[in-house]
Amino acid sequence: MSDGEVLGLSITHVTGEPDGHPGGYGDEAMPRMGFFTDTSICIGCKACEVACKEWNQVPDDGQVFSGESYDNTSHLGASTWRHVAFVEQRRPLTVDGGGSLAQVAARNQLAEAGEVPIGESADGMRWLMASDVCKHCTHAACLDVCPTGALFRTEFGTVVVQEDVCNGCGYCVPACPFGVLDEREEPNPDFDAPDGRVWKCTLCYDRLKGGHEPACSKACPTDSIQFGELGALRERAERRVEKLRRDGWTGAQLYLATPDDGIGGAGAFFLLLDDPEVYGLPPDPVVTTRDLPGTWRSAAFAMGALVAGTAAAFLGGRR
Amino acid sequence: MSAPKLRPSLADDGKPPGTTTWDGSVTEAGTEMRSYYGRPVIKPPVWQPEIPVYFFTGGLGGATAILSLLARIAGDERQARRLTFVEAGAELVSPLLLIADLGRPERFVNMLRVFKPTSPMSVGSWVLVASSLSSAGAAALELLERAPRAKLAAEIASAALGPLMATYTAVLISNTAVPAWHEARHHLPFLFAAGSAASAGAAGVLVGPLDESGPARRLAIGGTVATLAAEQLMSTRLGMVGEPYHAGRSGWLMRGSKLLGAAGAGLLATAGRRRPGAAVGGAALVAAGELLLRLGVFHAGDRSARDPRFTVEPQRERADRDGTKATT
Amino acid sequence: MNSDCIVIMGSNMAEQHPVGFQWVMEARERGAEVVHIDPRFTRTSAMATRHIAIRPGSDIAFLGGVIRHVLEHDLHFEEYVRAYTNAPVILHDDYSDTEDDDGLFSGWDPDRGIYDIETWQYKGFGVPPNDQHREGGVGSAEVHGAGGAPLTGAHPPEQDPTLQHPRCVFQQLKRHYARYTPERVAEVCGCRPEDVVWVAETLARNSGRERTSAFAYAVGWTQHTVGVQYIRAAAILQLLLGNVGRPGGGIMALRGHASIQGSTDIPTLYNLLPGYLPMPHAGADATLQEYVEKNTAPGGWWGHTDNYMVSLLKAWWGSKAVRANDWCYDFLPRIDGDASIYQTTRWMHEGLVKGMLIAGENPAVGNANAKAFRTGAAKLDWLVVRDVMEIESAAFWYDSPEVESGELRPEEIPTEVFFLPASTHTEKDGTFTNTQRLLQFHHKAVEPKHDCRSELWFYYHLGKLVRQRVESSLEPRDLPLQWLTWDYPTSGENEEPSAEAVLREINGCRTVDGKALSTYEELDSDGSTACGCWIYCGVFADDVNQADRRTPHWEQDLVAPDWGWAWPDNRRILYNRASADPEGRPWSERKRYLWWDDAQSKWTSTGDRPDTDATKSPSYRPPPDAKAEQAIAGDKPFGLQSDGMAWLFAPSGIEDGPFPTHYEPHESPHDNPFYGQRANPRRQQFPRGAFSGTNPYNPVDGEPGADAYPYSLTTYRLTEHHTAGGMTRTVAYLSELQPAMFVEVHPELARERGLVNGGWATIVTARAAIEARVLVTDRMRPLDVGGRRRHQVGLPYHWGKRGLTTGDSANDLTSIALDPNVHIQEVKALSCDIRPGRRPHGADLPAFVAAIRDEALARRARAPRVEPEQTRNTEPPGRRSGHQEGQGAP
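Since this is a predicted model, take the numbers as computed values, not measurements. (Residues numbered from 1 in each chain as written. Chains lettered and ligands numbered in written order. Predicted model: local features only at pLDDT ≥ 70, side-chain atom pairs only at ≥ 80, totals over all residues. Heavy atoms only, no water.)

*Asks:* I tried to follow the overall build of chain A on my own but got confused; where do I start?
*Replies:* Helix and strand content of chain A: eight helices and ten strands. Out of the 319 residues in chain A, the part that is buried amounts to 67%. Long-range contacts, defined here as pairs at least 24 residues apart, represent 66% of the contacts in chain A between residues at least 6 apart. For chain A, the exposed area adds up to about 10,600 Å²; of that, 55% sits on carbon and sulfur atoms. (Helix = DSSP H or I, 4+ residues; strand = E, 2+ residues; numbered from the N terminus. Buried < 20%, exposed > 50% of the residue type's maximum accessible area, 1.4 Å probe, protein only. Contact = heavy atoms within 4.5 Å. Areas by Shrake-Rupley, 256 points an atom, 1.4 Å probe, with all protein chains shown as cover.)

Below, the structure written as structure tokens:
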């Protein structure tokens, strides 16, 4: 339950609109742009990862063999702004996962009889692939907690770090409920020390300004990554998930597609075939600043107690 | 529709056993474990050890400011004078610790580009700067024995900021996605306030003349008791998310802090009044305990961030219980 | 995209052709069934609507099972089969099938180790002329163009339209596959009987008048000792189902990488001239006339071989090529046998090859038994390597497993190695020809840096230098160089030749006025036309670079004829005459594509060019004296075949049998449950002589010692890397995505061998041992074959010793055993052993490999396999090898 309801300074998030967008931009405001990543047609080619790094000149993230399916970049970070997850499961694709082995076996027999529409493999296994990215939250914790104003809301409603302002305080790193941001440890060319600043997806702010779609969606061969106006994307996603469910993909679910979730809806949302945590995503994320007023309230009491307690210490003798 | 959510016990490296052996082949990891190869969902804090130390010095400075002002009002002039120096010392060390964490001095300047109420770190930076200046001013005038009015004004200012200095760091870490911190958001401010009080008291006992350190001693004892109480309440309320406060390295730190605090407070209560040695020893123990407390809280948060269970389980339970709009 | 069902087999399309795969996904979204039949569960399987795992090397058995089911239950497209294939044709009286001879066809000659194909002919037909020169075992592969073999006999051959005659192709086909029952097939493939039935039923349900199904394959089919027959099997099935020449039908040959199709059209092959004209054969083709007579088909487009050849010669020697000097035909080199890369590798070891030029290839990593190539290269006098990076093939002399193990010592290697930096495709103009025969022109985006130059630049200026050397020579042998037309416009400070000018020469022109030709039908043999490649004639029609057209598909109809240019004649569907019934009506409204318009008495279509004379009525019947395309009746769609019919039964043109038959891989951990003949008797091996020591084979199932290599090994590629890695292991962004050589195994195998995920494993064959990181995954499914649980070991072959990510090369493990038709290596199915931990290093490595091998071979020697097999050791029929060591013995 939200502590935001108890007033303090009121930064409680009520609307589905990002703070400062479009209002803050007046005439310069653009429609809110975003990604719809439809993982049901992701073929795991990783073209998005490479296109992103090529365009944004992100350094490579080191060469580590993870032994975790075909995923060797492992997670989003300062030098990986698109990350393709690979999840291998002993479960037919279109039938809801889990259940006892007997249930799974029964489903496989259904599939034999051709009664399960599609996606069943004789092995009764499936291989989920999903391209993850910064969610560009409607209520972005990283942006709220940034003490320098390095993180800001663009005229497209996206969230971007200004690398010339960021001072590497690192507050946004644990504040993000998705673990998107991280500090870059590579030495900074300008001075002889670790860079220490945070980096993340800019939704190709420069390309958007130039009227181009982001590099990752441009490179995606199957249109698993779709770029466009958020409203339109949400409608498309609704139709898509309904079709998939009709086709028997009962695990199919939209993730962060509505303004009513804990982050006010994401600018980059997803169609998943299993629960979010299976892809390394939080099942019910909340923007931490939603609870900030309540926290300050508790702090106020604590401060009072501190003063009172200290004063009380003077009752009784000097010695 | 939800599958059986088997969660493997967690090895200390943060990866579930099995992900690197055949019996936890990639598939099984993907199927049975409702997390992505046991990898963290959120990023652990990137802060260096300076930060928990700053939590201590900042709290010490803040609480000391209050104590010294009250001492001044109570007419404990010598105690007040010495505490002013302690306070100034603590609040001059603090910015240095922050700068050390940022890497380069000029980066601290960026903190003052804007004032953001939504960012406790922004609020705290301004408070720290103001409070450091006032306490430094007060200390300087104290040293030169000049302009008593200005000095008093400065002391009042830093005393007014004291409570914020003592607690804003708790608000700061609570205001993250780190489970062991965010879920403890209503407890950490009390914990930090109590801890600051105790450390200020301890400082008073250490520097103060024996015949004026009664209030400081009582504050040290009371603060420690309050700390232990707040900690107890927190652990009982947090449930599984509180695990890091008992288990692993962070657990050891927390236990250590309680032990030292209790011992120190006990010593002060029993012999602190008469024996200078006992007073000094007890105060040192209390102070050390409070430092360990900050380190313990810091590491508990780190551990809870590295283990996906602490992020996923409470959210999953909440979602299954109250439903969620995150997935539709 | 128009398919109702797509079967992907022997291909990992999603990983290797992700861009083309978008259309498979499109089809899936439209409701098409997408079936992936493959030993591994890959990214393609993950996207398929159904994945069926079969043992590597058992595809023909599976397809045979499907063919049998189709025939047994009359699921074939009756009218199509009767009208358009040679199903009704009566066969030679003496033809006998594998059914009769335990896995051999009639005409097997154990002494020469080849087939005499006389009995494979139609009743009353003789062996075609270009199949008569096979002394020394020169296979028809060396003497055929892709034109297929002409037929010699009285057309049309004797037929039984009812398909009931016991000796007609249809009944013989039925008989040939009679034993491929679902149960037997399941036993061979390790799948379940119902899988075979399901695939057959699904295909049948999605074929016929209203629907069409497509096949897609890649090197997972070709790289076998029976590779060509894999594709033949699919062709037979698609013809039975009526899926050839129709929208959404066909067989997609997914090529290995960009413009491999182009490099066979205008070949980098030793036995072909541009446009699949066969290379003249020493002794057989003394004069142009002989050559033409031998290679001209009585019917179809191959009835104009003279036009194509003379125009080619005119393109090369211009005005110097005149009738009097036989259009310079004598200038052409001759072949007399296999000169493929592996034969050449053997010759390198025998000291018969002095120098070598490598471009756009990395054989030190990519060739089967890469070690054999490296040690062979160390015997050359000189080696030139042109590549974008210093690849393993250029560095082998100081950085290779052999140098590490001390088998090669740099100071003792005589080879002088020259490395020449090449420019990438973004640094030069040119065309790519893709899987659908589509030419697409690309323009230079950036200037090549430093000394990097395009291939075109290199060969053009090299040619000029060589010509300078012989300018004043009076030697007749230098005439071909002196007379060669070798002058292209150049531009820039590097004097880069114009790629468009070259393309225009390939397109061809009238010799009188130099006007560009617009179709190969304009070609003539009187010297009035010059054309560098007859099938590409028209790519510069109207002096416009047709390959450079880029009208997006949403601005044109479904056929999209205005994007690029497809050979021949911009036809997007080859043999599209088959999309209409014999009377010229579309088979169905849904699959309408080409039809005969009586009113205008011409062929019209939904946008494509008809693959037949636009005005040739369906009722047209050729007069007896008709030649070439005129000899093809109006209801015969296959204009590149001499009889216009599709061949279910191949009377000639194929070395190892008129019908595809399941043979085990050369190195298989399994025996052949179908026949006594275990493996393809015609397969090409190198069992003896200096070279055999470099290329030893594992013992096979049934032999003592086979248990030393108990697992089946398959090699493959990953999306993240490109072939031998020269272009990707050197790029940080790609290397980090697959940063280490790894081996994929199933949890059970990992348990059996104590392999730890993320740890190290050593994989061993008779050739070598390599180490790789372990990736434990259910995707490598164990198969129950003939009651035995069989595990697979999967190895990507990208890695080598150079670049940002380095590792052992999978191809060090593979052996040189080849398909007899095209001499392609079998690297998709072998046997191996796998052990936990890293391999020995230094001198211990060869010792380690030898110890295991010698022990196994010793056991085999003590009790050799008593095999009904006719021959296990056919020597590769070839010039020197043949004479030095005599023919393969039974």
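Moving on from the model shown.
*Asks:* Where do I start with the interface of chain C and chain A in this structure?
*Replies:* How big an interface is tends to be reported as the loss of accessible area on association of its parts. At the interface, 50 residues of chain C touch 46 residues of chain A. Each partner contributes to the roughly 3,800 Å² buried at the junction of chain C and chain A, and carbon and sulfur atoms together form 57% of this total. Where chain C packs against chain A, one counts four salt bridges. Residues A:E88 and C:R779 are paired through a salt bridge, measuring 2.6 Å at the closest nitrogen-oxygen approach. Summed over the shared surface of chain C and chain A, the number is 15 residue pairs in polar contact (both at pLDDT 80 or more). Elements supplying a minimum of two residues to the side of chain C that touches chain A: α1 (13-16), α2 (18-29), α3 (43-47), β3 (50-52), α9 (193-205), α23 (732-735), β23 (742-745) and β25 (769-776) of chain C. Of all the elements, α2(C) adds the most residues to the side of chain C that touches chain A, at seven residues. Its residues placed into classes, the side of chain C that touches chain A shows 23 nonpolar, eleven polar and 16 charged. (Buried area = accessible area lost by both parts, 1.4 Å probe. Salt bridge = Lys/Arg side-chain N within 4 Å of Asp/Glu carboxyl O. Polar contact = N/O pair within 3.5 Å; in protein donor to acceptor, adjacent residues only side chain to side chain. Nonpolar A, V, L, I, M, F, W, Y, C, P; charged D, E, K, R; others polar.)

*Asks:* Help me understand the confidence of the model for chain B, please; the structure alone is not making it clear to me.
*Replies:* Residue and element names in this part refer to chain B. Per-chain confidence: chain B averages 88 in pLDDT, with 90% of residues scoring 70 or above. Long-range and interchain partners of residues 1-33, a stretch whose pLDDT sits below 50, account for 88 contacts in this model, where long-range means more than four residues apart. The ipTM value of the predicted complex is 0.91, and its pTM value is 0.91. (pLDDT = per-residue confidence, 0-100.)

*Asks:* Would you take a moment to explain the pattern of salt bridges for this structure?
*Replies:* Opposite charge on two side chains permits pairing when their charged atoms draw close. All names here are of chain C. Tallying each qualifying case throughout the model produces 91 salt bridges over all chains. The residue R346 makes a salt bridge to E350 at a minimum N-O spacing of 2.9 Å. For R346, a relative accessible area of 0% gives the class buried. Between R510 and D513 there is a salt bridge whose closest N-O contact spans 2.4 Å.

*Asks:* Looking at this structure, I do not really get the sheet that holds strand β13 (residues 430-433) of chain C. What am I missing?
*Replies:* Residues and elements named next belong to chain C. Strand order across the open sheet formed by three strands is β13-β14-β19, with antiparallel pairing between neighbours. Because the sheet does not close on itself, it has two edges, and the strands there are β13 and β19 (565-566). By the bridge criterion, two bridges tie strand β14 (residues 438-442) to β19 in an arrangement that is antiparallel. Counted as the bridge partner of L438 is A566 from β19. Sitting on the sheet, helix α22 (residues 499-507) touches β13 and β14, and the angle it makes with β14 is about 155°. (Pairing = 2+ DSSP bridges. Axes fitted to C-alpha atoms, helices over the stretch in contact; angles between N-to-C directions.)

*Asks:* Sorry if this is basic, but what is going on with the nonpolar core here?
*Replies:* Considering soluble globular proteins, one finds that nonpolar side chains tend to be buried as a cluster. Residue and element names in this part refer to chain B. Counting 176 residues, the largest nonpolar core has L188 and Y245 as its most contacted members. With six residues, the single largest contributor to this core is helix α6 (residues 148-174). Those residues in contact with L188 that sit more than four places away from it in its chain are A170, I173, S174, W181, M234, Y245 and V297. (Core = buried A, V, L, I, M, F, W, Y, C linked by side-chain atoms within 4.5 Å.)

*Asks:* Got a minute to help me understand unusual backbone geometry in this structure?
*Replies:* With glycine set apart, most residues show a phi of negative sign, and most peptide bonds adopt trans. Between C:W567 and C:P568 the backbone carries a cis peptide bond, its omega angle lying at -10°. Assignment of secondary structure puts C:P568 in the loop between β19 and β20 (594-597). Positive phi, close to 55°, is recorded for B:Y37, a residue that is not glycine. Structurally, the position occupied by B:Y37 is in the loop between α1 (26-32) and α2 (50-74). Note on B:Y37: relative accessible area 3%, which makes it buried. One non-glycine residue, C:D542, lies in positive phi territory at about 55°.

*Asks:* Is there a simple way to think about a nonpolar patch on the surface in this case?
*Replies:* All names here are of chain C. A contiguous nonpolar surface patch, about 480 Å² in accessible area, is contributed by L357, W382, F418, Y459, L462 and V466. The dominant element in the nonpolar patch, judged by the number of residues it contributes, is helix α20 (residues 455-470), at three residues. With respect to the helices and strands, the residue L462 is situated in helix α20. Overall, L462 belongs to the partly exposed group, its relative accessible area being 34%. (Patch = residues over 30% accessible without salt bridge, like charges linked within 9 Å, V, L, I, M, F, W, Y side chains within 5 Å.)

*Asks:* For this particular structure, what's the right way to read the packing of α2(B) against helix α11 (residues 276-306) of chain B?
*Replies:* Helix-helix packing is described using two parameters, namely the angle between the two axes and the distance between the axes. All names here are of chain B. Following both chains from N to C, one finds α2 and α11 inclined at 135°, their axes separated by 8 Å at the closest point. Comparing their axes, α11 and α2 come out oblique. The handedness of the crossing between α2 and α11 is right-handed. Contacts from I51, P52, V53, F55, F56 and G59 of α2 reach α11 at A287, E290, L291, R294, L295 and F298. The residue inventory of the contact of α2 with α11, partitioned by class, reads nine nonpolar, one polar and two charged. (Parallel < 35°, antiparallel > 145°, perpendicular 65-115°, else oblique. Left-handed = near helix turned anticlockwise from the far one by under 90°.)

*Asks:* Please clarify how the pairing of strand β1 (residues 33-38) of chain A should be interpreted in this entry.
*Replies:* Within a regular strand, side chains alternate between the sheet's two faces. Residue and element names in this part refer to chain A. Burial of β1 is extensive: six of the six residues sit out of reach of the surface. Alternating residues of β1 divide into M33, F35 and T37 and G34, F36 and D38, and every residue in both groups is buried. With four bridges connecting them, β1 and strand β10 (residues 268-272) associate as parallel partners. For F36, the partnering residue across the bridge sits in β10 and is F269.

*Asks:* Please explain the state of the cysteines as it appears in this structure.
*Replies:* A covalent bond between the sulfur atoms of two cysteines is what we call a disulfide. All told, the structure shown has zero disulfides over all chains when counted by the stated rule. In this structure A:C216 is a free cysteine whose sulfur lies 6.2 Å from that of A:C204, the closest cysteine sulfur available. C:C191 carries a free sulfur, and the closest cysteine sulfur to it, the one in C:C189, is 4.8 Å from it. C:C191 sits in the buried class, given a relative accessible area of 10%. (Disulfide = S-S within 2.5 Å.)

*Asks:* When you look at the pairing of β25(C) in this model, what are you seeing that I'm missing?
*Replies:* Residue and element names in this part refer to chain C. Taking burial as the measure, the eight residues of β25 include seven buried ones, the bulk of the element. Bridge count between β23 and β25: four bridges; the pairing is parallel. Across the sheet, V745 pairs through a bridge with V776, a residue of β25. In this structure, strand β24 (residues 760-764) lies alongside β25, joined through five bridges in antiparallel fashion. In the strand pairing of β25, I763 is matched with I770. Here β24 folds back onto β25 in antiparallel fashion, the turn holding four residues.

*Asks:* What exactly am I supposed to notice about the interface of chain B and chain A here?
*Replies:* Tallying the contact residues gives 85 residues for chain B and 102 residues for chain A. Across the chain B to chain A interface the summed buried area is about 7,800 Å²; carbon plus sulfur atoms make up 57%. Per-residue buried area on chain B facing chain A is highest for B:Y36, B:K43 and B:T328; these three make up 11% of the total on that side. Two residues, A:E277 and B:R316, come together in a salt bridge whose shortest N-O distance is 2.8 Å. Between chain B and chain A we count 39 residue pairs in polar contact (both at pLDDT 80 or more) in total. For the side of chain B that touches chain A, the element with the most residues is α6(B), which contributes eight residues. Residues of the side of chain B that touches chain A, tallied by class, amount to 42 nonpolar, 21 polar and 22 charged.

*Asks:* When you look at the packing of α6(B) against helix α8 (residues 188-207) of chain B in this model, what are you seeing that I'm missing?
*Replies:* Residues and elements named next belong to chain B. Between α6 and α8, the shortest axis-to-axis distance is 8 Å and the interhelical angle comes to 150°. On the basis of their axis angle, the class for α6 and α8 is roughly antiparallel. Crossing geometry of α6 relative to α8 is assigned as right-handed. From α6, A166, T167, T169, A170, I173 and S174 reach across to α8, where they touch L188, P189, F192, A193 and S196. Here the residues of the contact of α6 with α8 are counted per class, giving seven nonpolar, four polar and no charged.

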